[in-house]
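# Geometric and topological summary
So the chains spell out like this:
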Amino acid sequence: MWRKAVLVALLALGMGYLYHTDPELPARVLNYVSESLPQMEQSGSSEPRPPVLEEAIARAWETLITAPARRWARVAVGVNACVDVVVSGVGLLQALALEPGSGRDHGVLHSKEDLKEAFIHYMGKGAAAERFFSDKEVFQRIARAAAEYPGAQLYVGGNAALIGQKLASNPELVVLLCGPVGPKLHDMLDEQIIVPPESLQEMDEFHLILEYKSGEQWGSSRAPQANRFILSHDVSNGEMSTLETFVASLEEFQPDLVVLSGLHMMEGMGRDLWEERLKEAVVAISDVRNEVPIHLELASMTDRDYMNRILQEQVLPIVNSIGLNEQELLFLTQSGGGPHADLASWDGIPDVGRVSDILLWVLEQHGRADPESEADLTRIHFHTLAYHILATVDGHWGNQEAAVSAGARVASSQACGLQAVDVTKVVLRAPLNFYSSFSEPRKSLTVDPTRPVTVWRRGNVSFHLTPVLVCKQPLRTVGLGDAISAEGLLFSEVTPQPEL
């Protein structure tokens, strides 16, 4: 063990010296090491490589993750909440007497056959997805089978409840949670969370989380990585029925940060409902005091008209921050005709240059990258399996290195079911060399594991990227995105703007 510690220390000292003589040399050397050592391991010519790069990154995070000068004291979170039933996806489908077959995506699920096809479609991609199940009776039969399946587990669910639960783990923070909270969910929530009486309801809303492991096979479909498929028949959350209650409670609670989620749930309720309800949601959100920043957590959607309405006319311009993953980012640019909209799906790890192009487009076209813009959006927290990026308009946010590192750290530890990063259980998959854009003009950039946040600017937008140490055997993937966004927000600091 002492030999490994000495090796890491020498590597860190050497990298520091080399960085001053040639800033790009350490990353080039480490990139070579990261590529050559796995090949040696596979050839059987040496023992499995020690997690040198992973340990360097984990140690550097501990130095980088520092508390902001101004911390949040009171955070209000709404409006989707439920109980998650987590179960083996393949096991449940087999228990429902379904046979493996070909995959096919469905925007809304109407039958068990639709569920099977959509599950296989996303399992084959290793991608997360969430769908509304239209038939209440069939859904209830599936839910009963899931609850009775051996090994099924019940957890706090819904983006708002999960974010609230994560924020409440900070003893100095007071959290208000507004959403459809039934008796079982109420018992599961952290004692520090305040739930308005108007949010309590007699019955819980249940969501089914169908998980699959990396390499798991069903028929001809094989999962390239661990992930999950979510389904529900959830009218309370689907109609965002507690949104007005949430906004009305803010006047008494007086938060210094508002976190909003659940817009994706309306998509499955049909165009007539979401078209009208979205207008009402915008009016309600607009009632939040101007000086209180609003973070919007996005989730899986399939209706491009709905996403386009959120993007262009409705919600994005009136929030200050958004959190999203690679599937949601690609769907966003496809819906709005942004950069790389012709890309059908990501091929493996999303290209950093392409991601950077889309993030810049969102902030320029729908945010406040232009100082003359009336939009409020100034921050995007992007997360994917191998790396995270925090993109912010200059002058609006601080402590970004700590925020993006904190998000990556919690992704590494929580996926493994641990409180801290165990470098023997994670692996570095992020590219150590990449470009700031997919097309010219672009800069060649590197990741130095001893200083693992790479920073670049495009116009007046700053990008902070850090690798994720990916858990080799993840225990639970659901809620990771919410934990990442919550942790990133905890370490973020809003910069007061001068009065106009």
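An unreviewed UniProt entry lists the protein under the name ADP-dependent glucokinase, from Cyprinus carpio carpio.

For helix α3 (residues 52-64), which comprises 13 residues, the first-to-last C-alpha distance of 18 Å matches the rise-based estimate of 18 Å (1.5 Å per residue) to within 8%. V52, L53, E54, E55, A56, I57, A58, A60 and W61 are the residues of α3 that are buried.

Looking now at the sheet that holds strand β8 (residues 206-212). Spatially, β3-β4-β11-β8-β2-β5 is the arrangement adopted by the 6 strands of the open sheet, whose pairing is mixed. Both outer strands of the open sheet, β3 (108-109) and β5 (153-157), are each paired with one neighbouring strand and no more. As judged from the 4 bridges shared by strand β4 (residues 129-133) and strand β11 (residues 227-232), these two strands associate in the parallel manner. Its bridge partner lying in β11, E130 is registered against I230.

Take empty space enclosed by the protein next. Counted by the stated rule, this structure contains 2 cavities of 30 Å³ or more. There is about 120 Å³ of room inside the largest cavity. Secondary structure elements with two or more residues in the lining of the largest cavity: β4 and α11 (263-266). A per-element tally of the lining of the largest cavity places β4 first, with 3 residues. Its residues assigned to classes, the lining of the largest cavity comprises 3 nonpolar, 5 polar and 3 charged. Approximately 40 Å³ is the volume found for the second largest cavity. Mapped onto the lining of the second largest cavity, the elements with two or more residues apiece are α10 (243-253) and β12 (257-261). Ranked by the residues each element gives to the lining of the second largest cavity, the list is headed by α10, at 3 residues. Within the lining of the second largest cavity, the residues separate by chemical class into 8 nonpolar, no polar and no charged.

Time to look at the sheet that holds strand β7 (residues 193-194). Pairing between sheet strands relies on hydrogen bonds along the backbone, with the strands arranged either parallel or antiparallel. As summarised here, the arrangement of the 10 strands in space is β7-β6-β1-β12-β13-β14-β15-β16-β22-β21, forming an open sheet in which the pairing is mixed. Of all strands in the sheet, those with a lone pairing partner are β7 and β21 (454-458), marking the two edges. The strands touched by helix α16 (residues 400-415) are β16 (387-393), β21 and β22 (461-467); relative to β16, the strand with the most contacts, the crossing angle is about 155 degrees.

Let us now look at the state of the cysteines. Taken as a whole, this structure holds 1 disulfide when the rule is applied. Covalently, C416 is tied to C471 through a disulfide, its sulfur atoms 2.0 Å apart. Judged by the torsion about the S-S bond (120 degrees), the C416/C471 disulfide is right-handed. Linking C416 in the loop between α16 and β18 (426-428) with C471 in strand β23 (residues 469-471), this pair joins segments that are 55 residues apart in sequence.

Here we take up the pairing of strand β15 (residues 379-383). On a regular strand, each side chain points to the face opposite its neighbour's, so the side chains alternate between the two faces of the sheet. The buried count for β15 comes to 5 of 5 residues, which makes it a mostly enclosed element. Sheet topology places strand β14 (residues 321-325) next to β15; 5 bridges connect them, and they run parallel. The partner of G323 across the bridge, within β15, is H381. The sheet contact formed by β15 and β16 spans 5 bridges and is antiparallel. Note on β16: the bridge partner recorded for F382 is I389. Counting the residues in the hairpin turn of β15 and β16 gives 3 residues.

The next thing to look at is the environment of G179. Take G179: it is sitting in the loop between β6 (174-178) and α8 (183-188). Classification of G179 by relative accessible area gives buried; the value is 0%. When the C-alpha atoms of G179 and A161 are compared, they prove to be 7.9 Å apart, with 18 residues separating the residues in sequence. Every residue in contact with G179, bar those within four places of it in the chain, is listed here: V79, S199 and T242.

What follows concerns unusual backbone geometry. With an omega dihedral of 10 degrees, the bond running from G78 to V79 counts as a cis peptide bond. One non-glycine residue, A97, lies in positive phi territory at about 65 degrees. With respect to the secondary-structure elements, A97 resides in the loop between α4 (89-95) and β3. On the basis of relative accessibility, which here comes to 64%, the residue A97 falls in the exposed class. Although it is not a glycine, Q254 sits at a positive phi angle of roughly 55 degrees. Looking at where Q254 falls in the secondary structure, it is placed in the loop between α10 and β12.

What follows deals with the pattern of salt bridges. Under the counting rule described, the total for this entry stands at 15 salt bridges. Its salt-bridge partner being R277, residue E244 comes within 2.8 Å of it at the nearest N-O pair. Within this pair, whereas E244 is found in helix α10, its partner R277 is found in helix α12 (residues 271-286), the two being separated by 33 residues in sequence. For E244, a relative accessible area of 37% translates into the label partly exposed. On the accessibility criterion, R277 (10% relative accessible area) is buried. Here E275 makes a salt bridge to R309, at a shortest N to O gap of 3.2 Å. Of this pair, E275 sits in helix α12 while R309 sits in helix α13 (residues 304-313), placing them 34 residues apart in sequence. Judged by relative accessible area, which is 25%, E275 ranks as partly exposed. A relative accessible area of 14% means that R309 is categorised as buried. Three or more residues joined by partner-sharing salt bridges are found here, namely R271, E275, D305 and R309.

Rules used in this analysis
- Residues numbered from 1 in each chain as written.
- Predicted model: local features only at pLDDT ≥ 70, side-chain atom pairs only at ≥ 80, totals over all residues.
- Heavy atoms only, no water.
- Helix = DSSP H or I, 4+ residues; strand = E, 2+ residues; numbered from the N terminus.
- Expected span 1.5 Å × (residues − 1).
- Buried < 20%, exposed > 50% of the residue type's maximum accessible area, 1.4 Å probe, protein only.
- Pairing = 2+ DSSP bridges.
- 1 Å grid on protein atoms, 1.4 Å probe; cavity = no way out; pocket = protein on both sides within 12 Å on 5 of 7 lines; lining within 4 Å.
- Points joined across faces, edges and corners; volume = space filled by probe spheres on them.
- Nonpolar A, V, L, I, M, F, W, Y, C, P; charged D, E, K, R; others polar.
- Contact = heavy atoms within 4.5 Å.
- Axes fitted to C-alpha atoms, helices over the stretch in contact; angles between N-to-C directions.
- Disulfide = S-S within 2.5 Å.
- Salt bridge = Lys/Arg side-chain N within 4 Å of Asp/Glu carboxyl O.

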